[in-house]
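Read off the chains here:
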Amino acid sequence: VGIPLYIYVFHRDIFSGFKSFEDIVAFLEKYETESIPIYIGLQILQVVVSVLPGQVFQLAAGYMYTFIPALFYALIGAALGTMISFGLARVLGRDFVHMFFGEEKTCYYMERLNSKRAYMLVFLLYAIPGIPKDMISYVAGISEMKIRPFVILSVVGRLPGMMGSIMI
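Residues numbered from 1 in each chain as written. Predicted model: local features only at pLDDT ≥ 70, side-chain atom pairs only at ≥ 80, totals over all residues. Heavy atoms only, no water.

1. Digging into unusual backbone geometry
Here is step 1: If you check the backbone angles, Thr 66 has positive phi at about 75° while not being a glycine.
Here is step 2: As for its placement among the helices and strands, Thr 66 is situated in the loop between α5 (55–65) and α6 (67–101). (Helix = DSSP H or I, 4+ residues; strand = E, 2+ residues; numbered from the N terminus.)

2. Digging into the nonpolar core
Here is step 1: Within the largest apolar cluster, 43 residues are counted, with the highest numbers of intra-cluster contacts made by Tyr 39 and Phe 150.
Here is step 2: Only α3 (21–30), α4 (35–48), α5, α6, α7 (103–113), α8 (118–127), α9 (134–142) and α10 (147–167) provide two or more residues apiece to this core.
Here is step 3: In terms of residues, this core owes the most to one element, α6, which gives 12 residues.
Here is step 4: Contacts of Tyr 39, omitting those with residues within four sequence positions, involve Leu 28, Phe 57, Gln 58, Ala 61, Tyr 65, Tyr 73 and Ala 74. (Core = buried A, V, L, I, M, F, W, Y, C linked by side-chain atoms within 4.5 Å. Buried < 20%, exposed > 50% of the residue type's maximum accessible area, 1.4 Å probe, protein only. Contact = heavy atoms within 4.5 Å.)

3. Let's talk about α7
Here is step 1: When we look at burial in α7, the residues that qualify are Thr 106, Tyr 109, Met 110 and Leu 113. What you see down the axis of α7 is that its buried residues fit within an arc of 105°, all on one side. Away from its buried face by more than 90 degrees, α7 exposes Glu 104 and Glu 111. (Arc of directions from axis to C-beta.)

4. Concerning the side chain of Ser 143
Here is step 1: Of note, Ser 143 is situated in the loop between α9 and α10.
Here is step 2: Here Ala 140 takes part through its backbone oxygen, which lies 2.7 Å from a polar atom of the side chain of Ser 143.
Here is step 3: With near-sequence residues (within four places) excluded, Ser 143 lies in contact with Arg 90, Met 110, Leu 113 and Asn 114. (Polar contact = N/O pair within 3.5 Å; in protein donor to acceptor, adjacent residues only side chain to side chain.)

This is the structure:
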């Protein structure tokens, strides 16, 4: 929890270097041999620090690694980031999630994630490219959802958007 929060609060300038596709590619090329674990780490960080846009990272991965490997690395990072977000919320609780996303928005999603249609809703939210969805991982962590189906549905739901970004 401390590392992403520390980076986000005190070293936002790190993210200013990732404003474009070219910046990310240059960063990954600089660390040529370590670029795959660095990319997976960036993908995890993008999910955990949910305000970072994921499409730019996926575009860079498609350019650097070609389609199939890039999709594989992106899915690994997204799955791990989703599990971390879910777990953080489970451990730190409702107040932690309220602090970052606000009580009203959290309660809105909690109501839906505790309904009978929650799993379908999770899949659909993750399947729609471009909408911010990483906050849902945190809310799901404080809901009644189980982690395994949540992670599976979120990863499968991300596939169309990730595939499109990586192919571009």
